[in-house]
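For reference, the chains in residue letters:
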Amino acid sequence: MRYFLDHIKKLVFCIVYFSLSTYSLIAQTLPIRSYSIQNGLPESRVYAIYLDRSGYLWTGTQSGVCSFDGLKFRIYDSLSGLPDNHVTSICGGNDKQIWFGHRSGKISCFQDGRIKVLKNAAFENTAGINQVLWQNQSLFIATDGDGVYVFTKINKDWEVQHFLTSSGLADNVVNKLCIKNKDEIWVATNKGLNILNARKREILSAVETFTGKVSAVAQRGDSLFCGTEKGLLVVEKGSIRRFPPLSNLKFNHIINAIFIGRDGELWLATNEGAIQVKGQNVKTFGRINGLLSDIIYDIGEDREHSIWLAQDDGISSFRRSPFELFNTKDGLIYNESYSIEQDAKENFWVGTRRGISIFRSNSQGIQPVRNLTRKDGLPDDFVYDLFCDSHNNMWIACAKKGAACYITSKNKIITFGHQTGLAGRQVVSINEDKKGRIWLATLDSGLAVYDYSTQKMRSLTKGKGFVSNGVWDIHRDKDGYLWFGTRDHGLIKHDPLTDAFSVIDIPGKTVNYDFASITSDKMGHIWIGTIGDGVLKYDGHRFEKYGFRNGLKSNNPYFVYCDREGQIWVGNNLGLDNFNPYTKSTINYLENDGFLGIETNQNAIYESGNGDLWIGTVKGLMHYKRQSERSRSVAPLVHISKKQVFFKDDSFQNTVLKHNQNYITFEYTGVSLNNAEKIIYKYKLAGLSDKWSPGISDARVSYANLSPGDYVFMVKAGFPNGNWSSPASYSFKIISPFYRTWWFIVLSATLLYLIGCWIYQYRVEQLLKFQTMRNKIASDLHDDMGSALTSISILSEVADQQLKREGIQDTREIIGHIANHSRTMLEAMEDIVWAVDPRNDQFNDLFIRMREYAIPLLEARNIDFNIDMDSGVEDVPLLMAHRRNIYLIFKEAINNILKHANCSKLEATVKKEGKKIIMTIADNGRGFDSSVRNKRNGLKNLKKRAAEMNAQLDVISTKGEGTLIKLLINIL
């Protein structure tokens, strides 16, 4: 009986194995991101979507149209220029034109930030617009009851063609249009298909026997897909047939749109969800899969290969992520996955809390092989680690009840526990050394080592061969050394040749000792994932810490792994981090990036032969397809969106700026519908610097105090992985101020030269005047002093002779002459010294000097003297030469009056009139006849001194009536 039951079990296992191996499961969990009113849409019901060449997503709703750059929506409605807020269709045109079809039958166009309504006398349509399509400089318009309009631009005018049933259309209700070739358009109506040739102005019947309603149409190669009431039909070479992958599907769907993806896959927008047909595989997505609604109106694909769906409650996108999630729906025994390994047959083994799942992987997904649990001989269902050794045996670490080994050659599981030398029960990591010995790490009893040669296991616990009882991970580096991460002693190194352990010293104890994950890179550096203290790198001498400041999302990594390319992968509670140790940049993969397996598990990562990564998470097994990411990696587009001059918006057409318009700000936008939050920018201003800035997230930059010159501002957008867009650029020029122009420089140089020549000439003249003054002073000194000293010398000799003859009276007279000459010489010297003293430069000083000279002399003769000066003259500055000559003229005049006038009254005045000073000296003496020439030197000296300072001297005298001397001096 037992023999019979054993055979029955084997038979059942074979049947299950065979049935599972012939059915390919596809990951049903896809990353979906949705947007509705709360995210910025003007209205939840979205009828049309369009992806333009600048990377923006356009959506048509009942409350207007909006553009989306991945972060925010910008709404355009009737206030922006739309003729009707109900937008039913969108397409692109020439020169970044975006065309809109409206439910009211109107057509509008968005270009350069403005909306214009298409108006033409030949276009009086009031039927709703079902579709707008741009082809060969023509706009095709499908209406809901008024046939097809074709607008063709000729010069500045539109030529309009109108096709109705009278022109050959099957029906005036036209649902969809589709490009057939460069000259022809497929026309889907309520009563069949037509072909429209706008160049020949004719309508052809596509398939005469096809008279039903065609709600949607799309062409792939020679096949035309038609959405009908009978389902999806294919038209090929004039014949009609049902689409094979859907032929067995009960089809009650209303097909609103058909879309052909870049990979050739077929998408249907229906009232019961979105249908994806890829090869022979068909999947339906609706609200149950995470969409906002089951009613899908339109489908599109962005430049990043994501599929966008216009729905009854918003828009959603299927992101073309390099990740796919496998869980119990795909055949896993349990979602929470802790370890992944491949056996010699390239089967994947996945350890979970409920046992082991074994499967094969292919392009369509995973193909389950079998599961292993305690019923199959495992000591415990909680499998924490798996390791395939050099004997192709699979070692199994159980988190609660020891370990096991699947002996491949015998198809047998053997277990290890206390009775077989394994002291610990919580086995969490397994590895193999250079000698082929198997090392097991436990959290409760240190290490255990299994030797194939003796088939025995021995334990190394704290104080008995090892330093710690808590060991998280075992890693073997490229040189064969084993590294152990412990809970209380940090990092420990093992030499397989000497079997010696060495504890790695941590200087300063700046990190905790709880080292839970270990890996090594190509340079031999050891990377460590700590519990609560980030990631550490040990280069053999010192530790370097990495964490939040390096872009990691958590300081509590669940695993750290270095792949074959040298990239460091770090798992955490939010997703997965990819750190590039060469560029020091980090890429974060979160739920929005398709990493749906939030959160990862301890040391649950495996790299397969093709470079793909398999990651255990609490929600299932994540598969990272490295080649898929490389082939679909698309840099964001970038646009310079705003220019400001001194904080005021300025037109981009204004490319020539004045010299004082040299504070310029640029704002720019990177467009990525899938990863907008990760975009970083580099910029430079050619003409100022040829170096790109570091990558930053700020989308604004300012330049201050720019010098005149030609500039080109360039900016490019990218992602932290180094995938950068082509730069957007803007050229402008700051012109030089007039004082930096060549003509102004030449004119200024000439003027400066002339001024220099004038200054030089003036300086020479002043030097000559100064020299003349020096000569004059020298001459005066020579004349006055020489004459006086000569007289003194002669009189001294005469006095000496007389003394010898004892003629005392005569001698006294001679000595008196000597004294007079000495006084005269002293007065002359004082006059010269006073004249050259710069402290006497003002007229008031001269006035005082004249009074001090005249009053003693005139009072001695009992002459009534009055001298007066206007108040505005005191502070008038005088040149030294003028001051001296005026004083000497005054002095000479007083002396002449004393000698010849015999007057009783004398008046002197000083006045200022305009730019002249007038000095008068008048007496009431005997006077003289001024018309009669005389040989006296007094008047000659007066006029000579007046001429030296370009002054005018007039002497007016009448016998018996006195004399008037008038001096006019130009001093201002």
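Residues numbered from 1 in each chain as written. Predicted model: local features only at pLDDT ≥ 70, side-chain atom pairs only at ≥ 80, totals over all residues. Heavy atoms only, no water.

Visitor: An account of the overall build of the protein is requested, with residue identities and associated values reported.
Guide: For the protein, the count of helices and strands is 7 helices and 70 strands. Buried positions account for 51% of the 972 residues belonging to the protein. Here the analysis covers contacts within the protein between residues at least 6 apart in sequence; of these, 52% occur between residues at least 24 apart. (Helix = DSSP H or I, 4+ residues; strand = E, 2+ residues; numbered from the N terminus. Buried < 20%, exposed > 50% of the residue type's maximum accessible area, 1.4 Å probe, protein only. Contact = heavy atoms within 4.5 Å.)

Visitor: I'd love a proper account of the sheet that holds strand β6 (residues 87-92), names of residues and values included.
Guide: With respect to topology, 4 strands assemble into an open sheet ordered β6-β7-β8-β9, the strand pairing being antiparallel. Of all strands in the sheet, those bounded by a partner on one side alone are β6 and β9 (114-117). Across the sheet, the axes of successive neighbouring strands diverge by a mean angle of 25 degrees, strand direction being ignored. Bridge count for β6 against strand β7 (residues 98-102) is 5 bridges, and the pairing is antiparallel. (Pairing = 2+ DSSP bridges. Axes fitted to C-alpha atoms, helices over the stretch in contact; angles between N-to-C directions.)

Visitor: Pulling in residues and values, what's your account of the sheet that holds strand β63 (residues 700-703)?
Guide: Spatially, β59-β58-β61-β63 is the arrangement adopted by the 4 strands of the open sheet, whose pairing is antiparallel. The two strands at the open ends of the sheet, each matched to only one other strand, are β59 (648-649) and β63. Where strand β61 (residues 664-671) meets β63, 4 bridges bridge the pair, whose relative direction is antiparallel. Bridge pairing in β63 places I664 opposite Y703.

Visitor: Requested: an account of the confidence of the model for the protein, with residues and values cited.
Guide: Scored by pLDDT, the protein comes out at a mean of 87, with 87% of its residues at no less than 70. Scored below 50 in pLDDT, residues 1-28 shows 29 contacts in the model against residues more than four places distant or in partner chains. (pLDDT = per-residue confidence, 0-100.)

Visitor: I'd like a description of helix α6 (residues 880-901), backed by residues and values.
Guide: In this model, α6 (22 residues) spans 30 Å end to end at C-alpha, consistent with the 32 Å of a helix rising 1.5 Å per residue. Within α6, 16 of the 22 residues are buried, which leaves the element mostly enclosed by the surrounding structure. Looking one or two residues past α6, N902 carries a phi angle of roughly 50 degrees, positive in sign. (Expected span 1.5 Å × (residues − 1).)

Visitor: Can you tell me about a nonpolar patch on the surface, naming the residues and giving the values?
Guide: Residues F738, Y739, W742, W743, V746 and L747 make up a contiguous nonpolar surface patch of roughly 720 Å² in combined accessible area. Secondary-structure assignment places V746 in helix α3 (residues 742-805). (Patch = residues over 30% accessible without salt bridge, like charges linked within 9 Å, V, L, I, M, F, W, Y side chains within 5 Å. Areas by Shrake-Rupley, 256 points an atom, 1.4 Å probe, with all protein chains shown as cover. Salt bridge = Lys/Arg side-chain N within 4 Å of Asp/Glu carboxyl O.)

Visitor: Lay out the packing of helix α5 (residues 843-860) against α6 in plain terms, naming residues and giving numbers.
Guide: Relative orientation of the contacting elements α5 and α6 amounts to 15 degrees, with a least axis distance of 10 Å. The angle between α5 and α6 places the two elements in the roughly parallel class. Of the two elements, α5 crosses α6, and the hand of that crossing is right-handed. Every residue of α6 that contacts α5 at F843, L846, R849, M850, Y853, A854, L857 and L858 is listed here: R883, I886, Y887, F890, K891, I894, N895 and L898. Looking at the contact of α5 with α6 residue by residue, the class counts come to 12 nonpolar, 1 polar and 3 charged. (Parallel < 35°, antiparallel > 145°, perpendicular 65-115°, else oblique. Left-handed = near helix turned anticlockwise from the far one by under 90°. Nonpolar A, V, L, I, M, F, W, Y, C, P; charged D, E, K, R; others polar.)

Visitor: Which residues make up the packing of aromatic side chains, and what values go with them?
Guide: As enumerated under the stated definition, the model contains 63 aromatic pairs in all. With a centroid separation of 4.6 Å and 55 degrees between ring planes, the pair formed by F285 and F318 is classed as tilted. With a gap of 33 residues between them, F285 in strand β25 (residues 281-285) and F318 in strand β28 (residues 314-318) connect regions that are remote in the sequence. Arranged with centres 5.7 Å apart and planes meeting at 50 degrees, the rings of F359 and W614 form a pair that is tilted. Of this pair, F359 sits in strand β32 (residues 355-362) while W614 sits in strand β56 (residues 613-617), and the two are 255 residues apart along the sequence. (Phe/Tyr/Trp six-rings, centres within 6.5 Å; stacked < 30°, edge-to-face > 60°.)

Visitor: Can you break down the nonpolar core residue by residue, with the values?
Guide: Core analysis: the biggest nonpolar cluster contains 41 residues, and F843, F890 and L967 have the highest contact counts within it. With 10 residues, α6 is the largest single contributor of residues to this core. Beyond its immediate sequence surroundings of up to four residues, F890 is in contact with M850, A854, F865, I867, A908, M919 and I921. Counting 24 residues, the second largest nonpolar core, distinct from the first, contains I640, F666, Y703 and Y711. (Core = buried A, V, L, I, M, F, W, Y, C linked by side-chain atoms within 4.5 Å.)

Visitor: Can you lay out unusual backbone geometry for me, pointing to particular residues and giving the numbers?
Guide: Between I598 and the following residue, E599, the backbone shows a cis peptide bond with an omega angle of 10 degrees. Looking at where E599 falls in the secondary structure, it is placed in the loop between β54 (585-589) and β55 (600-607). Unusually for a residue other than glycine, N155 sits at a positive phi of about 55 degrees. On the secondary structure map, N155 appears in the loop between β12 (148-154) and β13 (157-163). On the basis of relative accessibility, which here comes to 74%, the residue N155 falls in the exposed class. With a phi close to 50 degrees, F646 is a non-glycine residue in the positive phi region. Tracing the chain through its elements places F646 in the loop between β58 (637-645) and β59. For F646, a relative accessible area of 39% puts it in the partly exposed group.

Visitor: Let's hear about the UniProt feature "transmembrane region" (unreviewed entry) in the protein: which residues, and what values?
Guide: In this structure's numbering, the residues bearing the UniProt feature "transmembrane region" (unreviewed entry) are residues 741-760. For the annotated span residues 741-760, helix accounts for 95% and strand for 0% of the residues, and the straight-line distance between the end C-alpha atoms is 28 Å. (UniProt positions renumbered as here; feature names shortened; annotations may be inferred.)

Visitor: Now, about the pattern of salt bridges: what can you tell me, with residues and values included?
Guide: Per the stated rule, a full pass over the model turns up 27 salt bridges. For R199, the salt bridge goes to D183, with nearest N and O atoms at 3.7 Å. In this pair, R199 sits in the loop between β16 (192-197) and β17 (202-205) while D183 sits in the loop between β14 (174-179) and β15 (184-189), placing the two residues 16 residues apart along the sequence. Note on R199: relative accessible area 57%, which makes it exposed. Overall, the relative accessible area of 25% leaves D183 in the partly exposed class. Ionic pairing is found between K537 and E544, a salt bridge with its closest N-O pair at 3.7 Å.

Visitor: Got a sec to walk through the environment of I894? Specific residues and values, please.
Guide: Turning to its location among the elements, I894 is positioned in helix α6. By relative accessible area, I894 is classed as buried at 0%. Taking the C-alpha atoms as reference points, I894 and L857, 37 residues apart in sequence, are found 8.7 Å from one another. Dropping the residues within four chain positions of it, I894 is found in contact with Y853, A854, L857 and L906.

Visitor: Give a description of the pairing of strand β38 (residues 427-432) that names residues and reports values.
Guide: The buried fraction of β38 amounts to 6 of the 6 residues, a majority that puts the element mostly inside the structure. In this sheet, strand β39 (residues 438-442) lies alongside β38 in antiparallel orientation, the contact comprising 5 bridges. Bridging from a neighbouring strand, N431 pairs with W439 of β39. Hairpin connection between β38 and β39: a loop of 5 residues separates the two successive antiparallel strands, and G436 in this loop has a positive phi of roughly 85 degrees.

Visitor: Got a sec to walk through the side chain of K537? Specific residues and values, please.
Guide: The topology assignment puts K537 in strand β49 (residues 535-538). With near-sequence residues (within four places) excluded, K537 lies in contact with H525, I526, W527, R542, F543, E544, Y546 and K584.

Visitor: Residue-level account of the state of the cysteines, with values.
Guide: Evaluation of the coordinates by the stated rule reveals 0 disulfides. This cysteine, C178, is not joined by any disulfide, and C226 carries the nearest cysteine sulfur, 8.8 Å off. C178 sits in the buried class, given a relative accessible area of 11%. (Disulfide = S-S within 2.5 Å.)

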